[in-house]
Amino acid sequence: MSNSALPATLVGSKRRVRARHWRHSNLAGYLFISPWLIGYLLFALMPILASLMLSFTNYDVLGHNILRGDWDFVGLDNFEKMFYHDYRYWKSVKATLNYVVFAVPLRLMFALAVAMLLNTKRHGVYFYRAAYYTPSVVGGSVAVALMWREIFQRDGLVNNILGTEIYWFGNPDYAMWVLVTLAVWQFGSPMLVFLAGLRQIPQDMYEAASIDGANFFQRFWRITIPLLTPIIFFNLVMQTINGFQQFTQAFIVTGGRPLDRTLLYPLYVYNRGFVSFQMGYASAMAWVLLVTIAFFTLILFASSRLWVYYQGDEGKS
Amino acid sequence: MKSAKGLILTLILMVALVAPAASAISAQENIELHITWWGSQNRHDRTIAVIDMFHEQNPNIEVVYEFSSWGDYWTLLTTKASGENLPDIMQQDYAFLKEWQSRDLLAPLDPFIADGTLDVSGVSDVVLGTGKIGDELYGLPLGTNSQAILIDVQAFEKAGIELPAPDWTWADFEEISLALHEKLGIWGFGGPLSDEALWKSLYMGYGTWAFNPEGTAIGYEDDQPLVDYFDMILRLIDAEAIPSAEQWAEYADLGPEGNPLVTGQSVMGYWWSNQIVAITKAAGEGREFKLWHLPRPEGGQPQNYIKPSQFFSVTTQAKHPKEAAMFINFFVNNMEASDALGTERGVPVVAAVREHLAPALSPIDIETFDFLARVEADGSPVPPPDPAGWAEIRDNIYAPQFVDPVLYGEISPAEGAAMLREEANLILARNK
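These figures come from a predicted structure and were not determined experimentally. (Residues numbered from 1 in each chain as written. Chains lettered and ligands numbered in written order. Predicted model: local features only at pLDDT ≥ 70, side-chain atom pairs only at ≥ 80, totals over all residues. Heavy atoms only, no water.)

Caption draft 1: A nonpolar patch on the surface, seen in detail. A cluster of nonpolar side chains, namely A:Val101, A:Phe102, A:Leu106, A:Met109, A:Tyr174 and A:Trp177, defines an oily patch on the protein surface of about 550 Å² accessible area. Examined against the element boundaries, A:Phe102 turns out to sit in helix H4 (residues 87–118). (Patch = residues over 30% accessible without salt bridge, like charges linked within 9 Å, V, L, I, M, F, W, Y side chains within 5 Å. Areas by Shrake-Rupley, 256 points an atom, 1.4 Å probe, with all protein chains shown as cover. Salt bridge = Lys/Arg side-chain N within 4 Å of Asp/Glu carboxyl O. Helix = DSSP H or I, 4+ residues; strand = E, 2+ residues; numbered from the N terminus.)

Take a look at the structure:
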């Protein structure tokens, strides 16, 4: 900058300087978050909005350029077809509800049981905490799903242990249990949250109860569970959302068979979108799923008033 | 500030100036030819060997290839199509040729035949016709195969049952399957009799096809043959002469190695003829398999036809269509290339290539060649390519709404067949 410009700057009001300073610091802030921001706008928000638009079209990928617009708006046709003319749609809804109703509570119970086991002061407990968390780290992966296929095969581990000859993948009544047990086995992340919650419960409560003669079950039902309800609530919401979105396991382990009994909703969305290439229809299905998940989450939140107990909340209500 | 802006501007200008110049230079000297195919590792190795040979003879053409399994292939290529970056050459399948052509994604090969780039004089009219839509050639067949019943010859001997007649009927099939099961205690037939390709060729036995020639509706009037066929399947399941749907689920996704025919749990199986190579290899030394015609209806036509196993097509998004045609020509006509390819893509379509390969053929190759010769002598005419919407009928209707509910006993074959007709017609009506 030249010297002659200096006085002009000095003459300018303090306010302008401050405004410029504000703008500068904001700019720096935006620059710092720009990698995330660009990623979010480009790879999350834009596709989300695009899929909302696509759900009202008959866009089918093959030979149609989405930007050139050689597809038609079909109004609510996709939704009408879904609800009234798609036999498999309701089968997949049924399979998904079936899955969520069994997999989520079972996983939470199992996670809580393991968390209580690991919430003891024993030698090597840190090692076990890490070890028991591992299945969840690798749980969503293809390798584990393939392993699950192996152990549920006719001459696999499960039939050997049970001494049965069950066709787990072919029997319409049993196939879902293959997926549910896999979900239960991936208890790691709710387990960690439970563990953190358990460590928050003051030990003196248990001591007091013990002195009063409460046995293990009484302590569990009267102290642990009530004080843990906020954690249970958090886990229930997260796991329910997660349960509606399961894809990998169904895709690899059962492929939706037999009789579409394990055709989890996201798998059907994938089949419509990437096997039949009916992107418009698949987008419509995905948005219905979003609304459904929001609906169930709201119900859970509404119900929380009845059963979730926040410590130190008493004074408010 | 100013200098930074200037620098960026200069950079942009430089890139803008250099970029087209660079591509112009390379277009004169070197070009990149893109090609995609699906298949097994064996196919990848053989195809890449041919690509290397082609590059040696045409050093200015760099062939860039991409391959995948069958399942991923169509997702990959469909995505490429919508992004308008299809390769110059794509391997195509009879089931999708028409759909892709109808969306203007495939270029006719006739101009290249006319100007001598592509020589198809060694290919028979019947085989070449399978790549034609209307009068124009949209895909050059690379090999031929046919549906077959694979027979374990030694197991037949062990059971003391004579090998079936070449023109056996479905009644014979049922009887033989039951007899084999009774004698040996294993499945007489261990395969998917409900396969969609068998539904389509079932009606070939009655002189028609699953779809009408225009591809706008189901091609048969009478559901009864389909109902009878599934009644037979249910009878065989009841007699435990074939695996039930529940049992078959264990085998459906296993490769040849786990197939009941290979593991000795069944005497017969259903395969495409070129797959005898994989079956024999998986079964190991000392086993003997033979290819047999599909059974046919009593007094009906043969249910076999010569099917192109796959095609090479030039896409409309190709940047170098002429060179693409050159490569295809090399691929099917060059003898060295044929040596590398063998019969992996089915029996080669060019007569001279077949003669060239003849002396070095293995017994299995000879069985395959013989079988296709038998089908050519006793086969039905090649049906038209599958209509647009076929994939949807197969994935969303035939398997989940017809086959599974019937085999698991939720609906009767008659109910299923009526539903199949109605639902399939809804989809096919869009082609009108």
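After that view of the structure, there is still more to cover.
Caption draft 2: Main features of the pattern of salt bridges. The full count for this structure, using the stated rule, is 20 salt bridges over all chains. Within the structure, one salt-bridge network assembled from shared partners comprises A:Asp86, A:Arg272, B:Glu392 and B:Arg430.

Caption draft 3: Up close: the packing of aromatic side chains. Going through the model one piece at a time under the given rule, you end up with 59 aromatic pairs over all chains. Here A:Phe83 and A:Tyr89 contribute two aromatic rings whose centre-to-centre distance is 6.0 Å and whose plane-to-plane angle is 75°, an arrangement assigned as edge-to-face. By relative accessible area, which is 33% here, A:Phe83 ends up partly exposed. By relative accessible area, A:Tyr89 is classed as buried at 2%. Through a chain of ring-to-ring contacts, three or more aromatic side chains come together here, namely B:Trp168, B:Trp170, B:Phe173, B:Phe189, B:Trp199, B:Phe211, B:Tyr229, B:Phe230, B:Trp390, B:Tyr398 and B:Phe402. Of note, A:Arg129 hangs over the ring of A:Tyr126, and the distance from its end group to the ring centre comes to 5.0 Å. The lysine or arginine in question, A:Arg149, covers the ring of A:Phe169, its NZ or CZ lying 4.9 Å from the ring centre. (Phe/Tyr/Trp six-rings, centres within 6.5 Å; stacked < 30°, edge-to-face > 60°. Buried < 20%, exposed > 50% of the residue type's maximum accessible area, 1.4 Å probe, protein only. Lys NZ or Arg CZ within 6 Å of the ring centre and 35° of its normal.)

Caption draft 4: Main features of the domain arrangement of chain A. Residue and element names in this part refer to chain A. One can read the domain layout of chain A as domain 1 (14–54) and domain 2 (77–307). Here domain 1 and domain 2 have C-alpha centroids that lie 36 Å from each other. Each partner contributes to the interface: domain 1 provides four residues, whereas domain 2 provides four residues. Carbon and sulfur atoms supply 66% of the area buried between domain 1 and domain 2, which totals about 370 Å² over both sides. Together, Ser-51, Leu-52 and Leu-54 form the three largest contributors to the area buried by domain 1 at its contact with domain 2, with a combined 88%. On the surface where domain 1 and domain 2 come into contact, there are zero salt bridges. (Domains from an automatic or database assignment. Contact = heavy atoms within 4.5 Å. Buried area = accessible area lost by both parts, 1.4 Å probe.)

Caption draft 5: Representation of the sheet that holds strand E8 (residues 147–152) of chain B within the structure. All names here are of chain B. Spatially, four strands are ordered E9-E10-E8-E11 in an open sheet, and the strand pairing comes out mixed. Edge strands, defined here as strands with exactly one partner in the open sheet, are strand E9 (187–189) and strand E11 (289–292). Averaged over all neighbouring strand pairs, the angle between strand axes comes to 30°, with direction disregarded. Relative to strand E10 (residues 266–272), E9 runs parallel, the two being bridged by two bridges. From the neighbouring strand, Trp-187 faces E10, where its bridge partner is Ser-266. Relative to the sheet, helix H13 (residues 276–283) contacts E8, E10 and E11, its axis offset from that of E11 by approximately 155°. Contacts from helix H17 (residues 363–377) reach E8 and E11, with the element oriented near 15° to E11. (Pairing = 2+ DSSP bridges. Axes fitted to C-alpha atoms, helices over the stretch in contact; angles between N-to-C directions.)

Caption draft 6: The side chain of A:Gln246, seen in detail. All names here are of chain A. Among the structural elements, Gln-246 can be located in the loop between helix H11 (216–244) and helix H12 (248–254). Its relative accessible area of 10% is what places Gln-246 among the buried residues. Reaching out from Gln-246, the side chain makes a polar contact with the side chain of Asn-242 at a distance of 2.8 Å. Contact partners of Gln-246, with chain neighbours within four places excluded, come to Tyr-99, Leu-264 and Pro-266. (Polar contact = N/O pair within 3.5 Å; in protein donor to acceptor, adjacent residues only side chain to side chain.)

Caption draft 7: Expanded view of the interface of chain B and chain A. With 27 residues of chain B in contact, the opposing surface of chain A contributes 34 residues. Of all residues in chain B, the largest losses of buried area upon contact with chain A belong to B:Arg103, B:Glu246 and B:Glu250, amounting jointly to 23% of the total for that side. Here chain B and chain A share two salt bridges between them. The partner of B:Glu392 in a salt bridge is A:Arg272, and the shortest N-O contact between them spans 3.4 Å. Across the contact surface, chain B and chain A share eleven residue pairs in polar contact (both at pLDDT 80 or more). No other element matches helix H18 (residues 390–407) of chain B, which puts seven residues into the side of chain B that touches chain A. Taken together, the residues of the side of chain B that touches chain A sort by class into ten nonpolar, seven polar and ten charged. (Nonpolar A, V, L, I, M, F, W, Y, C, P; charged D, E, K, R; others polar.)

Caption draft 8: Highlighting the nonpolar core. Ranked by size, the top nonpolar core spans 77 residues in total, and within it B:Trp100, B:Leu193, B:Trp199, B:Leu226, B:Phe230 and B:Met268 carry the most contacts. Among the elements that line this core, the one with the most residues is H18(B), at nine residues. Here this core spans two domains, since at least three of its residues come from each of domain 1 (31–144 + 308–376) and domain 2 (147–304 + 389–431) of chain B. In this structure, B:Leu193 is in contact with B:Trp170, B:Phe173, B:Leu198, B:Tyr229, B:Met232, B:Ile233, B:Leu236 and B:Ile242, ignoring residues within four places of it in sequence. A:Met82, A:Leu118, A:Tyr206 and A:Leu267 belong to the second-largest nonpolar core, a separate cluster that totals 63 residues. (Core = buried A, V, L, I, M, F, W, Y, C linked by side-chain atoms within 4.5 Å.)

Caption draft 9: Highlighting a negative patch on the surface. Residues and elements named next belong to chain B. On the surface, Asp-52, Glu-56, Glu-336 and Asp-339 cluster together to form a negatively charged patch. Among the secondary structure elements, those contributing two or more residues to the negative patch are helix H2 (41–57) and helix H15 (335–341). Within the secondary structure, Asp-339 is located in helix H15. (Lys, Arg positive; Asp, Glu negative; His and termini not counted. Charge placed at Lys NZ, Arg CZ, Asp CG, Glu CD.)

Caption draft 10: Looking closely at the packing of H4(A) against H11(A). Residues and elements named next belong to chain A. Interhelical geometry of H4 versus H11 gives an angle of 135° and a closest axis separation of 10 Å. The angle between H4 and H11 falls in the class oblique. Along this stretch, H4 crosses H11, giving a crossing that reads as right-handed. Listed contacts from H11 to Thr-96, Leu-97, Tyr-99, Val-100, Val-104, Arg-107, Leu-108, Leu-112 and Met-116 of H4 are Phe-216, Phe-220, Ile-225, Leu-228, Asn-235, Leu-236, Gln-239, Thr-240, Asn-242, Gly-243 and Phe-244. Of the residues in the contact of H4 with H11, the class split is 13 nonpolar, six polar and one charged. (Parallel < 35°, antiparallel > 145°, perpendicular 65-115°, else oblique. Left-handed = near helix turned anticlockwise from the far one by under 90°.)

Caption draft 11: Layout of helix H10 (residues 224–238) of chain B. Residues and elements named next belong to chain B. Under the 1.5 Å per step criterion, the end-to-end length of H10 is 21 Å for 15 residues, consistent within 8% with the ideal 21 Å. Of the residues making up H10, those classed as buried are Pro-225, Leu-226, Val-227, Tyr-229, Phe-230, Met-232, Ile-233, Leu-236 and Ile-237. Packed against the buried residues of H10 are helix H8 (170–184), helix H9 (196–202), helix H11 (245–251), H18 and helix H19 (413–428). Remark: Glu-240 follows H10 within two positions and exhibits a positive phi of approximately 60°. (Expected span 1.5 Å × (residues − 1).)

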